[in-house]
Amino acid sequence: MKRIRIIILILVVFLSGCWDRIELDRRSFVLGAALDMAPEDNELTIEKFADTKKSPLFMLTLETALIHKDAESESGNGGGNTQQKRNSLLHTGVGNSFFEILREEAKESDRILFFGHQQVIIIGEELARKHNILEVLDFWIRDPEVDRSMKILLARGNARELFNADPKNSKYVSIFIFNQSEQNRKSAEFINKDFTSIISELTECGNGLLGSIEFSENNSLRVSGSGVIKDCRLVGWLDGHETQAAQYVLNEAKGGEITVEDPEREGKFITVEISGMSTKLKVDTKNDIPRFTIDTKIECNITEIDDEPVKIGKQAIASVEKAVSAYVKKQIKNTVEKLQKQYKADALGFGETLKKRHNKLWKVLEKDWDAIYPEVPVSVQVSTKVRHLGRAY
């Protein structure tokens, strides 16, 4: 009996295999996805929904990798919905859910879509304004294959058109966008958050900032600025400088440069690079009226002085610190005012701060917070310390 058990164990080890294994040449590796509203006059919409009275809601464009050199001659998977682009293919479909579109794609292909290496999801502006972003991303939230470190960005315009860009030194648009996101986080002018962080933030409060992307010169792409999210929908945009100021408040800035007018020389400029910063968002609730104070401390290094090199004394250093503090203070005040007055979106977590530190008062104000937030007083304090001057000759 013992011998039989040993034989069975040996057979299990040597004869068993991965029953659900799929060979590489049968997979289609998804690198990026562009999500848009389906245009009514699109050829796919007319062709596939000609017999129905209702137009499809969504359009999905996927960038997939060609993993063989000889795949450059591959013509796609029929139906006119696939385009060849460098070392990738673009697949476009329409439907009333993204899962429906993917199922239709599977019917026309001999390869299985694999999302484990996906780099980015780009959401078109119209779709982000009209639909709840969490609902739009529901398929990706539920799919266990999805790489949780991928980026989510908002397109200023249609998302699908961005896959027609021609970024330099890159074979794949999706990988270019991912790499640009990683590089730009040091400038603090771009919101660089992964899939998990964004979903968690929107699930918790429905407000926040998402990185934005648009075409730049020479048909390339620029990853900069952010979209303002309120109740899980896009309500407006912040440019790169405003996004930088927002990240100061959120205490999420990893660096960045600031150029200010030289206090000692009219018409000249000094550039500093942020080496460290910290922000505390304080709230005072005297008389049950919330008042917020943004207290930011900056450490920086002087990296460039306009025109001829000059020696900087203690008085000049103090003047530069004062100028940088004034510049950042103005940046923050203008950005907070824009979020409060123009967009009425609590994207910087004022309500969450009040909830955590004064929960009893928050429960009283919560139901009216959308009306209260635009009017809450916010003061800004900034102090700057220059740590290094660089080399002088």
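Scroll up to find the structure.
What counts and what doesn't
Residues numbered from 1 in each chain as written. Predicted model: local features only at pLDDT ≥ 70, side-chain atom pairs only at ≥ 80, totals over all residues. Heavy atoms only, no water. Helix = DSSP H or I, 4+ residues; strand = E, 2+ residues; numbered from the N terminus. Buried < 20%, exposed > 50% of the residue type's maximum accessible area, 1.4 Å probe, protein only. Contact = heavy atoms within 4.5 Å. Areas by Shrake-Rupley, 256 points an atom, 1.4 Å probe, with all protein chains shown as cover. Core = buried A, V, L, I, M, F, W, Y, C linked by side-chain atoms within 4.5 Å. Domains from an automatic or database assignment. Salt bridge = Lys/Arg side-chain N within 4 Å of Asp/Glu carboxyl O. Lys, Arg positive; Asp, Glu negative; His and termini not counted. Pairing = 2+ DSSP bridges. Axes fitted to C-alpha atoms, helices over the stretch in contact; angles between N-to-C directions. Phe/Tyr/Trp six-rings, centres within 6.5 Å; stacked < 30°, edge-to-face > 60°. Disulfide = S-S within 2.5 Å. Parallel < 35°, antiparallel > 145°, perpendicular 65-115°, else oblique. Nonpolar A, V, L, I, M, F, W, Y, C, P; charged D, E, K, R; others polar. Polar contact = N/O pair within 3.5 Å; in protein donor to acceptor, adjacent residues only side chain to side chain.

I tried to follow the overall build of the protein chain on my own but got confused; where do I start?
Helix and strand counts for the protein chain stand at 13 helices and 14 strands. Counting all 393 residues of the protein chain, 49% fall into the buried class. Considering only residue pairs separated by 6 or more positions, the protein chain has 73% of its internal contacts joining residues 24 or more positions apart. Looking at the protein chain as shown, the accessible area adds up to about 21300 Å², and 49% of this sits on carbon and sulfur atoms.

Can you help me understand the nonpolar core in this one?
Among the nonpolar cores identified, the biggest contains 48 residues, and Ile332 and Phe350 are the most heavily contacted of them. Put simply, the parts of the chain that give this core at least two residues each are α9 (240–250), β11 (257–261), β12 (269–284), β13 (291–305), α10 (314–343), α11 (350–357), α12 (359–365) and β14 (378–388). When residues in this core are grouped by element, the largest group, nine residues, is from α10. In this structure, this core is formed jointly by two domains, domain 1 (24–69 + 85–238) and domain 2 (247–388), each of which donates at least three residues. Each residue touching Phe350, except ones within four places of it in the same chain, is listed here: Val249, Leu281, Phe292, Ile294, Val336, Trp369, Tyr373 and Val378. Grouped together as the second largest cluster of nonpolar side chains are 35 residues, Met37, Val136, Ile199 and Leu210 included.

Looking at this structure, how should I read the pattern of salt bridges?
Pairing between side chains of opposite charge can happen when the charged atoms of each approach one another. Applying the stated criterion to the full structure yields 14 salt bridges. Salt-bridge contacts for Glu125 lead to Arg129; the nearest nitrogen and oxygen are separated by 3.2 Å. Residue Glu125 and its partner Arg129 are located together in helix α4 (residues 125–130), separated by four residues, close to a single helical turn. The salt bridge involving Asp295 is made with Lys297; its shortest N-O contact spans 4.0 Å. On the accessibility criterion, Lys297 (45% relative accessible area) is partly exposed. Where salt bridges share partners, they join Lys193, Glu201 and Glu252 into one cluster.

Is there a simple way to explain the side chain of Glu189 in this structure?
Considering the arrangement of structural elements, one finds Glu189 in the loop between α7 (173–184) and α8 (195–205). No salt bridge is formed by the buried Glu189, whose closest oppositely charged neighbour, Arg222, lies at an N-O distance of 8.5 Å. Leave out the neighbours within four places in its chain, and Glu189 touches Asn184, Ser224, Gly225, Gly240, His241, Thr243, Gln244, Gln247 and Glu257.

Got a minute to help me understand the sheet that holds β14 in this structure?
Strand pairs in the sheet, formed through backbone hydrogen bonds, run parallel or antiparallel to each other. Overall, mixed pairing links the four strands, which are arranged β11-β12-β13-β14 in an open sheet. Edge positions in the sheet fall to β11 and β14, since each of these pairs with one other strand and no more. Taking each pair of neighbouring strands and ignoring which way they run, the sheet shows an average axis angle of 40°. The pairing of β13 with β14 spans 10 bridges and is parallel.

Please explain the packing of aromatic side chains as it appears in this structure.
Note on aromatic pairs: each is described by the distance of the centres and the angle between the planes. Within the structure shown, the criterion is met by 10 aromatic pairs. Measuring from ring centre to ring centre gives 5.1 Å for Phe139 and Trp140, while their planes differ by 85°; the resulting arrangement is edge-to-face. Among the aromatic side chains, those forming a connected cluster through ring pairs are Phe58, Phe98, Phe99, Phe115, Phe139 and Trp140.

Would you mind showing me how to read the state of the cysteines here?
Covalent bonding between the sulfur atoms of two cysteines is what defines a disulfide. According to the stated counting rule, one finds zero disulfides in the structure shown. No disulfide involves Cys205; its sulfur sits 8.1 Å from the nearest other cysteine sulfur, which is in Cys232. By relative accessible area, Cys232 is classed as buried at 5%.

How should the packing of α9 against α10 be read in this particular structure?
Think of two packed helices as two axes; the pair is described by the angle between the axes and how far apart they sit. Where α9 meets α10, the axes come as close as 9 Å, and the angle between the chain directions of the two elements is 95°. Regarding the angle of α9 to α10, the classification is roughly perpendicular. Residues His241, Glu242, Gln244, Ala245, Ala246, Tyr248 and Val249 of α9 form the contact with α10, whose own contacting residues are Tyr327, Val328, Gln331, Ile332, Thr335 and Lys338. Its residues placed into classes, the contact of α9 with α10 shows seven nonpolar, four polar and two charged.

I keep staring at the pairing of strand β8 (residues 208–215) and nothing clicks. Help me out?
On a regular strand, each side chain points to the face opposite its neighbour's, so the side chains alternate between the two faces of the sheet. Most of β8 is tucked away: six of the eight residues are buried. Pairing of strand β7 (residues 151–155) with β8 involves two bridges; the strand directions are parallel. Across the sheet, Leu154 pairs through a bridge with Ser212, a residue of β8. Across seven bridges, β8 lies against strand β9 (residues 221–230) in antiparallel orientation. Within β9, the position partnered with Leu210 by the bridge is Gly227.

Sorry, what's going on with α9 here?
In an α-helix there are 3.6 residues to a turn, and that puts residues three or four apart on one side. The element α9 is extensively covered by neighbouring structure, given that nine of its 11 residues are classed as buried. Of all the residues in α9, the buried ones are Gly240, Glu242, Thr243, Gln244, Ala245, Ala246, Gln247, Tyr248 and Val249. Measuring from the side-chain oxygen of the N-cap residue of α9 to the backbone nitrogen of His241 gives 3.1 Å; that N-cap residue is Asp239. Two residues or fewer after α9 comes Asn251, characterised by a positive phi angle close to 60°.

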